[in-house]
Amino acid sequence: MSTVTATAVEDRPRTLRPAVLGLPLRPRLVVMCVGTALAAFGVFCLGLALGDYPVPLVDVVPALWRSGARGTVFVVHEVRLPRALTGVLVGAAFAASGAVLQAITRNALASPDMVGINAGATTAVVAGIVLGFGDTLGTPTLGLAGGLLGALAVYLLAWRRGSTGFRIVLVGIGVSWMCTSATDYLLTRAKMHQAQEAVGWLVGNLNGRGWEAVRPLGVAVAVLLPAALLLAGWNRNLQLGDDVARGLGTPVQLARGLLLLVSVALVSFATAAAGPVLFVSLAAPQIAQRLARLSAPPVLLSALTGVLLVSGSDLLARHLLPDTDLPVGVVTGAIGAGFLLRLLVRSNRAGSGG
Amino acid sequence: MTPAPPPPAPLRRAIAYLPAAALLLAVLCLLSLTFGSRAVPIGQVAEALFDRARVDPQIEAIVWHVRLPRTATGLLVGAALGLAGALMQGLTRNPLADPGLLGVSAGASFAIVLAVAAFGASTAPTNLIWYAFAGALAGAVSVHLLGGLGRGGATPVKTALAGIAVTFLLGSFTSALVLQNPLALDRFRFWAAGSLTSADAGTLWQVTPLLAAAAVLALATAPALNSLALGEDVAAALGRRVGLIRLRATLAITVLAGTAVALAGPIVFIGLVTPHLARMVTGPDHRRILALTLLGAPSLLIAADVLGRVVARPEEIQAGIVVAFLGGPFFIALARRRRLAEM
């Protein structure tokens, strides 16, 4: 919670701003990034240490490199690490994707479910479960294919001599309605156990994720997150409006297309691994933006916030109720909502508006 | 007010369109009474309506106990959703403001799941409506309170963020309950599809005065919304009390949207799009937008309900599903053709 108290620190006068990657360096942003990263790492280690077979916290980090007692290494490295890493990657992917999308649409309420990704992935997976072709194709494949198809449909339908951020959001709403209505219809036709399985996936879940979930997602995040950071300059210009961005020399359509592609790919891979853990992509960028006191969500800090949010939620989900493994989505929803409200109240008190 | 002449063309068009919209609504209501798993000819419908004693008791039962409450639910829910959407868009000056953002759907969903989980299968569908209503109101009130905390009061952005937070908080509780309780899931999945069949005549009579009062309040707020469209400062300079306008509109929106969700489950499209359609016909005057929405929104919902009964005979597709599935492409076409942002 150290990051929360740190927001109370006074704004330092920022006269000197050396540029990094063409962006001004903000001391507050750097402090927040480091703080959030440390907190996230702490929660990550705690998640590896706690469980039916508790591991002392000091033994966790060596066990990551397979040094220590054999039992400890097995529990940490083989049993808990894949799930924890999936949580880290999912959090980073959802949050970074949300940050990019909120910036290009210039809308704080934009989240990847608005551009058809979650809706497409959900419909594909639920159809797979209810109509019975899910077992042969595999839920992650269906989620990935559905998400990409949904996003492609939105982008193509929104294209009319170029695209605008607002039109993409509007078309995304329309596509989401269609997909959600199809999902609702399938759910009313499903057998009870199918409906339960589908709802369990719909909430977002890290239970029983192994290395096979980590690898594709790890590669995707390793490629796409740096890409999102490299494109941050364009992202910043796009927020000034298409005309100003063009005046600043940004190839508007190319930039928006690439940024959208990065955002879509990130969230599709994450959804394929864990289901739609919706709140993260919406809340983490907003939380990060308020932590850094910027006018748009910063990508790296958003990603770190997302990691903290998902890792912490999964830790709680595993230990909140003694006999049941709650889906992580239930806890991210509750925690994220509480945190967002808290920040909202704080910013209201400070008189700086929402 | 200075005698600035209003743009005449939209006025004339609106005056011509209102009777047309009323006629369309009447025709759709008749269709809704005749179509279904058993088709009842219009002649027999009229006979059943006006001369109950003389018709076949089976047909009398179909018309009076199945089709009439269903059509009335469509009328009430459609009108309520349309008015709530139009008011919200006018109040927030945001073309994407949707009553669902207020926390009513989330509150109602959670209340229903909680009621089923706590009281089990004995909960009758009509009782669920009252739980949903209480949940919807609680959701909306908490969103408004949270959005208005601290200095500056409630602004549209803060309220929307509070709405999202409450929606996700209650949504995650709902998911947790539904995953633990198969019976709650079973009730919930049918409720979430959005159907006009759950309310009976008694419940409808009970909610009608409430809805009527909220609708009057909504229509009475329309002139003030016209001033508000010029910006809050201008509205205040024109002598409007912005806080009071907000309070009245918020009250009306909450009651309208909350009742609609309680009666029929979460239904999209109607609240968001019908005000835009009405605005295309009438121009920017909120009095005319609200009047046309009042007639147009129930037409859309009843048409969707009739369609859902016809396409899958002898089974039915819930009105909420039909609305969303057909509304999607329509909304996309609209987004491609016109700038929805122009308000």
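Definitions and cut-offs
Residues numbered from 1 in each chain as written. Chains lettered and ligands numbered in written order. Predicted model: local features only at pLDDT ≥ 70, side-chain atom pairs only at ≥ 80, totals over all residues. Heavy atoms only, no water. Helix = DSSP H or I, 4+ residues; strand = E, 2+ residues; numbered from the N terminus. Rg over C-alpha atoms; globule rule 2.2 N^0.38 Å. Buried < 20%, exposed > 50% of the residue type's maximum accessible area, 1.4 Å probe, protein only. Contact = heavy atoms within 4.5 Å. Areas by Shrake-Rupley, 256 points an atom, 1.4 Å probe, with all protein chains shown as cover. Lys, Arg positive; Asp, Glu negative; His and termini not counted. Charge placed at Lys NZ, Arg CZ, Asp CG, Glu CD. Disulfide = S-S within 2.5 Å. Phe/Tyr/Trp six-rings, centres within 6.5 Å; stacked < 30°, edge-to-face > 60°. Axes fitted to C-alpha atoms, helices over the stretch in contact; angles between N-to-C directions. Parallel < 35°, antiparallel > 145°, perpendicular 65-115°, else oblique. Left-handed = near helix turned anticlockwise from the far one by under 90°. Nonpolar A, V, L, I, M, F, W, Y, C, P; charged D, E, K, R; others polar. Patch = residues over 30% accessible without salt bridge, like charges linked within 9 Å, V, L, I, M, F, W, Y side chains within 5 Å. Salt bridge = Lys/Arg side-chain N within 4 Å of Asp/Glu carboxyl O. Buried area = accessible area lost by both parts, 1.4 Å probe. Core = buried A, V, L, I, M, F, W, Y, C linked by side-chain atoms within 4.5 Å. Expected span 1.5 Å × (residues − 1). Bend = angle between axes of the 7 residues up to and from the residue. pLDDT = per-residue confidence, 0-100.

1. Quick notes on the overall build of chain B
Here comes step 1: Helices and strands together make up the secondary structure of chain B, namely 13 helices and zero strands.
Here comes step 2: Starting at the N terminus and ending at the C terminus, chain B contains elements arranged as α-α-α-α-α-α-α-α-α-α-α-α-α.
Here comes step 3: Taking 2.2 N^0.38 as the reference for a compact globule, 343 residues should give roughly 20 Å; the C-alpha atoms of chain B span a radius of gyration of 21 Å, in line with that estimate.
Here comes step 4: Seen through its principal axes, chain B has C-alpha atoms that stretch 65 × 50 × 40 Å.
Here comes step 5: The buried share of chain B, reckoned over its 343 residues, is 51%.
Here comes step 6: Here the analysis covers contacts within chain B between residues at least 6 apart in sequence; of these, 74% occur between residues at least 24 apart.
Here comes step 7: Summed over all atoms, the accessible surface of chain B reaches about 14,400 Å², with 69% contributed by carbon and sulfur.
Here comes step 8: Of the charged side chains in chain B, 25 are positive and 14 negative; the average position of the first set lies 11 Å away from that of the second.

2. Some words on the state of the cysteines
Residues and elements named next belong to chain A.
Here comes step 1: This structure, assessed with the given rule, holds zero disulfides over all chains.
Here comes step 2: No disulfide involves cysteine 33; its sulfur sits 19 Å from that of cysteine 45, the nearest cysteine.
Here comes step 3: Accessibility expressed as a relative area gives 13% for cysteine 33, which makes it buried.
Here comes step 4: Classification of cysteine 45 by relative accessible area gives buried; the value is 8%.

3. A look at the packing of aromatic side chains
Here comes step 1: A complete count under the given rule lists nine aromatic pairs over all chains for this structure.
Here comes step 2: On the numbers, 5.6 Å between centres and 80° between planes, the contact of Trp177(A) with Phe269(B) is edge-to-face. Here Phe269(B) lies in the loop between helix 10 (242–264) and helix 11 (270–282) and Trp177(A) lies in helix 8 (residues 165–189), a pairing that spans two chains. Considered together, Trp177(A) and Phe269(B) belong to a single accessibility category, that of buried residues.
Here comes step 3: An aromatic cluster is defined as three or more aromatic residues linked by ring pairs; in this entry it consists of Trp177(A), Phe269(B), Phe330(B) and Phe331(B).

4. Focus: the packing of helix 4 (residues 104–119) of chain B against helix 10 of chain B
All names here are of chain B.
Here comes step 1: At a closest axis distance of 9 Å, the pairing of helix 4 and helix 10 adopts a crossing angle of 40°. One element, helix 4, and the other, helix 10, form an angle in the oblique class. As helix 4 runs across helix 10, the sense of the crossing is right-handed. Between helix 4, through Val104, Ser105 and Ala108, and helix 10, the contact on the second element is made entirely by Ala257, Gly258 and Val261.

5. Quick notes on the environment of Ala84(B)
Residue and element names in this part refer to chain B.
Here comes step 1: Take alanine 84: it is sitting in helix 3 (residues 57–92).
Here comes step 2: Look at alanine 84 and you get buried, because its relative accessible area is 0%.
Here comes step 3: For the pair alanine 84 and isoleucine 253, spaced 169 residues apart in the sequence, the C-alpha separation amounts to 4.7 Å.

6. Let's talk about the packing of helix 3 of chain B against helix 10 of chain B
The axes of two packed helices give the description: the angle between them and the distance between them.
Residue and element names in this part refer to chain B.
Here comes step 1: Packing of helix 3 against helix 10 brings their axes to within 8 Å, and their N-to-C directions diverge by 145°. Considering how the two elements wind past one another, helix 3 and helix 10 form a crossing that is left-handed. Mapping the contact onto sequence places Thr73, Val77, Ala80, Leu81, Leu83, Ala84, Leu87, Met88 and Leu91 in helix 3 and Arg246, Ala249, Thr250, Ala252, Ile253, Leu256, Ala257, Ala260, Leu263 and Ala264 in helix 10.
Here comes step 2: Residue composition of the contact of helix 3 with helix 10, by class: 16 nonpolar, two polar and one charged.

7. Some details on a nonpolar patch on the surface
All names here are of chain B.
Here comes step 1: Where nonpolar side chains cluster on the molecular surface, the patch consists of Leu307, Val311, Phe325 and Leu326 and spans about 360 Å² of accessible area.
Here comes step 2: At the level of secondary structure, the elements contributing two or more residues to the nonpolar patch comprise helix 12 (286–311) and helix 13 (319–337).
Here comes step 3: Examined against the element boundaries, valine 311 turns out to sit in helix 12.

8. So, the interface of chain B and chain A
How big an interface is tends to be expressed through the accessible area that disappears when the partners come together.
Here comes step 1: Listed per partner, the contact involves 51 residues of chain B and 52 residues of chain A.
Here comes step 2: Here chain B meets chain A over a buried area of about 4,300 Å², counting both sides, of which 76% is carbon and sulfur.
Here comes step 3: Contact with chain A buries area across many residues of chain B, yet Leu161(B), Arg189(B) and Arg336(B) alone supply 16% of it, more than any other trio.
Here comes step 4: On inspection of chain B and its partner chain A, the count reaches one salt bridge.

9. Some points on the nonpolar core
Here comes step 1: Formed by 200 residues in total, the largest nonpolar core has its most connected members in Leu48(A), Trp177(A), Val280(A), Leu301(A), Leu256(B) and Leu301(B).
Here comes step 2: The element contributing the most residues to this core is helix 4 (residues 70–105) of chain A, with 17 residues.
Here comes step 3: Sequence-distant contacts of Val280(A), defined by excluding residues within four places in its chain, comprise Gly91(A), Phe94(A), Ala95(A), Pro285(A), Gly306(A), Leu309(A), Val310(A) and Thr332(A).
Here comes step 4: Listed in part, the eight residues of the second largest apolar core include Val45(B), Ile59(B), Ile62(B) and Val63(B).

10. Structural notes on helix 7 (residues 139–158) of chain A
Here comes step 1: With 20 residues, helix 7 of chain A extends 28 Å between its outermost C-alpha atoms, agreeing within 8% with the 28 Å of an ideal straight helix rising 1.5 Å per residue.
Here comes step 2: What helix 7 of chain A keeps buried is the set Leu142(A), Gly143(A), Gly146(A), Gly147(A), Gly150(A), Ala151(A), Val154(A), Tyr155(A) and Ala158(A).

11. Focus on helix 3 of chain B
All names here are of chain B.
Here comes step 1: If you check helix 3, its first and last C-alpha atoms are 51 Å apart, about what 36 residues at 1.5 Å a residue would give, namely 52 Å.
Here comes step 2: Considering bend angle alone, the principal kink of helix 3 is centred on arginine 67 and spans about 35°; proline proline 69 follows within four residues of it.
Here comes step 3: Of all 36 residues in helix 3, 26 are buried; the element is thus mostly enclosed.
Here comes step 4: Within two residues after helix 3, arginine 93 carries a phi angle of roughly 55°, on the positive side.

12. Side note on the pattern of salt bridges
Residue and element names in this part refer to chain B.
Here comes step 1: Scanning the model with the defined rule gives nine salt bridges over all chains in all.
Here comes step 2: Notably, a salt bridge pairs glutamate 316 with arginine 70, separated by 3.1 Å at the nearest N-O pair. One end of the pair, glutamate 316, is in the loop between helix 12 and helix 13; the other, arginine 70, is in helix 3, with 246 residues separating them in the sequence.
Here comes step 3: Taking the relative accessible area as the measure of exposure, glutamate 316 reaches 30% and is therefore partly exposed.
Here comes step 4: Three or more residues are tied together by salt bridges with common partners; here these are Arg70, Asp305, Arg309 and Glu316.

13. Some details on the confidence of the model for chain A
Residues and elements named next belong to chain A.
Here comes step 1: Residue-level pLDDT values for chain A average 81, and 88% of them are 70 or greater.
Here comes step 2: For chain A, the element scoring lowest by mean pLDDT is helix 1 (residues 2–6), at 39; helix 15 (residues 299–319) scores highest, at 91.
Here comes step 3: In this model residues 350–354 is a low-confidence stretch, pLDDT under 50, and it forms eight contacts with partners more than four residues away in sequence or in other chains.

14. Section: unusual backbone geometry
Excluding glycine, a negative phi dihedral is what most residues carry, and trans is how most peptide bonds are arranged.
Here comes step 1: Notably, Arg293(A) is not glycine yet its phi reads approximately 50°, a positive angle.
Here comes step 2: Residue position: Arg293(A) is located in the loop between helix 14 (278–292) and helix 15.
Here comes step 3: The backbone of Phe269(B) sits at a positive phi, close to 75°, despite the residue not being glycine.

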